[in-house]
Amino acid sequence: MTFVSIVVPCYNEELVIRHTHQKILETMLKLEHEKKVSFEIVYVNDGSSDSTLTMLQNIYQESLNSLNKENKVVIISLAKNFGHQVALTAGLNYAKGAAIISIDADLQDPPEIMEKMLNYLEQGFDVVYGVRISREGETWFKLITAKLFYILLKKITNCDIPLNSGDFRLLSRRAVDVFNSLQERNRFIRGLIPWIGLKQTPIYYERHPRFAGTTKYPLRKMIKLAFDGFIGFSHFPIKFSFYLGSVTAIFSFLYGIYILLYSYFNEYAIRGWKSIMVTILFIGGVQLISIGILGEYIARIYDEVKKRPLFIIDDKNSRF
Ligand code: UDP
Ligand code: MG
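Given the structure is predicted, the values throughout are model-derived calculations rather than measurements.

This part covers the confidence of the model for the protein chain. Of the residues in the protein chain, 95% have a pLDDT of 70 or more, and the chain-wide mean is 84. At the low end of the mean pLDDT range in the protein chain sits helix α10 (residues 273-306), at 78; at the high end sits strand β4 (residues 99-102), at 96.

Structure representation (structure tokens):
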């Protein structure tokens, strides 16, 4: 029997949280009844300003009273709104399960899929990540920006981040242990999980509209998430000035030759013009290249301070 933790980050979800709890509980009790699992549900209250926390506390009390005094609900309440990725990290830190499933609080990801995820775990997979084959009830703006984001991410990062995956996934204990050892602060969990490696598989599902309430990912938070993805997994942005500088330097060199020839053959050329132009262009190029080189060093310092482990051992397949 596998002990499973379900981690649910919640930010101002008073309109859905009861219903979500009901659905998750039903699914898990059924699996427990079939003697497949025992479980806990870890709710992370991410500094909600509505009555989410009170409702979670009621859910906790009710579940204590009804389920033979067995404690199946855990509440981790963060001191303020730290954001989805940090809330999820906190939940993964506190979850005790041999398998940990993270799911959104708004029932966009169907809890029924969790059983299939657990089947994959039995087959020896460490990560089973949900991939949306369709996204119902989302605005065209969200759909387009999400699509663009994933295409760009694939192009410029050195990490194979699966298209259309979200934060609905199952992790084995050892995958979570490795994840918990990652110390970087600006987290893009969708990138960190593939980065870990181990045995991973997608599972496809249809994403429903939100059960109730509105999205807790306004444009500002989406941009922050996109930046964490791009900058955390790619040196391209910081190297950009180097590329730009090199191109400018080459063009200013060619232009310089042209100006020299022009003023040599044309007696009406303004005096002093050529030296000023060539100097400005050349200095510009040199400056950008220097910034690029500085950037390269900063990128490496950045890698060092992230303190990601150098390697991760697949202990299941190693022999000591
Ligand atoms: N969430 C959170 N902290 C935040 C924003 C969101 O814990 O600052 C939670 C939210 O309660 C939900 C999940 O993260 O469980 C995903 O958020 P949402 O459904 O609003 O995002 P969307 O599906 O619109 O991208
Ligand atoms: Mg949602």
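This is not the end of the story, as more comes after the structure.
This part takes up the sheet that holds strand β2 (residues 37-45). Strand order in the open sheet formed by seven strands is β3-β2-β1-β4-β6-β5-β7, with mixed pairing between adjacent strands. Each edge of the sheet is formed by a strand with only one pairing partner; in this case those strands are β3 (73-77) and β7 (200-207). With direction set aside, neighbouring strand axes in the sheet form an average angle of 20°. Bridge count for strand β5 (residues 127-135) against β7 is eight bridges, and the pairing is parallel. By the bridge assignment for β7, Arg 135 is matched with Arg 207. Where helix α1 (residues 17-33) meets the sheet, its contacts fall on β1 (2-10), β2 and β3, and the angle it forms with β2 comes to roughly 165°. Packing against the sheet, helix α2 (residues 52-66) makes contact with β1, β2 and β3, and its axis sits at approximately 155° to β3.

Here the focus is the coordination of the magnesium ion (ligand 2). Geometrically, a metal with four donors at the corners of a regular tetrahedron has ideal angles of 109.5 degrees, and one with six donors at the corners of a regular octahedron has ideal angles of 90 or 180 degrees. Asp 106 (OD) and Gln 108 (OE1) make up the full set of protein donors to the magnesium ion (ligand 2), lying at 1.9 Å. The exposure classification of Asp 106 matches that of Gln 108, with both residues buried.

A cluster of nonpolar side chains, namely Val 247, Ile 250, Phe 251, Phe 253, Leu 254, Ile 257, Leu 261, Tyr 264 and Phe 265, defines an oily patch on the protein surface of about 1,100 Å² accessible area. Summarising the element assignment, Leu 261 is placed in helix α9 (residues 236-265). On the basis of relative accessible area, Leu 261 is assigned to the partly exposed category, the value being 47%.

Time to look at the environment of Leu 107. Here Leu 107 is to be found in the loop between β4 and α4 (113-122). Taking the C-alpha atoms as reference points, Leu 107 and Lys 23, 84 residues apart in sequence, are found 8.5 Å from one another. For Leu 107, the contacting residues outside a window of four places in its chain are His 19, Thr 20, Lys 23, His 208, Pro 209 and Phe 211.

A few words now on the site of ligand 1. Taken together, 19 residues lie around ligand 1, and Glu 13, Asp 46, Asp 106, Thr 215 and Lys 216 are the ones closest in. Within the backbone of His 84, a nitrogen or oxygen atom sits 3.4 Å from a nitrogen atom of ligand 1. With respect to ligand 1, the side chain of Lys 221 contributes an N or O atom lying 2.7 Å from an oxygen atom. In the complex, the protein chains occlude 96% of the 530 Å² of accessible area that ligand 1 would expose alone.

Inside soluble globular proteins, nonpolar side chains tend to come together where they are buried. Counting residues in each nonpolar core, the largest one holds 36 residues, and the members touching the most others are Val 7, Val 44 and Phe 179. When contributions to this core are tallied by element, the ones reaching two or more residues are β2, α3 (84-94), β5, α5 (140-156), α6 (173-181), α7 (189-196) and α8 (219-233). Ranked by the residues each element gives to this core, the list is headed by α8, at five residues. Apart from residues no more than four positions distant in its own chain, Val 44 is found in contact with Val 7, Val 8, Pro 9, Cys 10, Ile 76, Leu 78, Ala 87, Ala 90 and Gly 91. Listed in part, the 32 residues of the second largest apolar core include Ile 24, Leu 25, Leu 31 and Leu 170.

What follows covers the pattern of salt bridges. All chains considered together, the criterion is met by 14 salt bridges. A salt bridge links Glu 32 to Lys 72, with the shortest nitrogen-to-oxygen separation between them at 2.9 Å. In this pair, Glu 32 is assigned in helix α1 and Lys 72 in the loop between α2 and β3, connecting sequence segments 40 residues apart. Taken as a pair, Glu 32 and Lys 72 share a single burial class, namely buried. A salt bridge links Asp 167 to Arg 169, with the nearest nitrogen and oxygen atoms 2.8 Å apart. A single burial state applies to Asp 167 and to Arg 169, both of which are buried.

Rules used throughout
Residues numbered from 1 in each chain as written. Chains lettered and ligands numbered in written order. Predicted model: local features only at pLDDT ≥ 70, side-chain atom pairs only at ≥ 80, totals over all residues. Heavy atoms only, no water. pLDDT = per-residue confidence, 0-100. Helix = DSSP H or I, 4+ residues; strand = E, 2+ residues; numbered from the N terminus. Pairing = 2+ DSSP bridges. Axes fitted to C-alpha atoms, helices over the stretch in contact; angles between N-to-C directions. Contact = heavy atoms within 4.5 Å. Donors = N, O, S within 2.8 Å, 3.2 Å for Na, K, Ca; no water. Buried < 20%, exposed > 50% of the residue type's maximum accessible area, 1.4 Å probe, protein only. Patch = residues over 30% accessible without salt bridge, like charges linked within 9 Å, V, L, I, M, F, W, Y side chains within 5 Å. Areas by Shrake-Rupley, 256 points an atom, 1.4 Å probe, with all protein chains shown as cover. Salt bridge = Lys/Arg side-chain N within 4 Å of Asp/Glu carboxyl O. Near = heavy atom within 4 Å. Polar contact = N/O pair within 3.5 Å; in protein donor to acceptor, adjacent residues only side chain to side chain. Core = buried A, V, L, I, M, F, W, Y, C linked by side-chain atoms within 4.5 Å.

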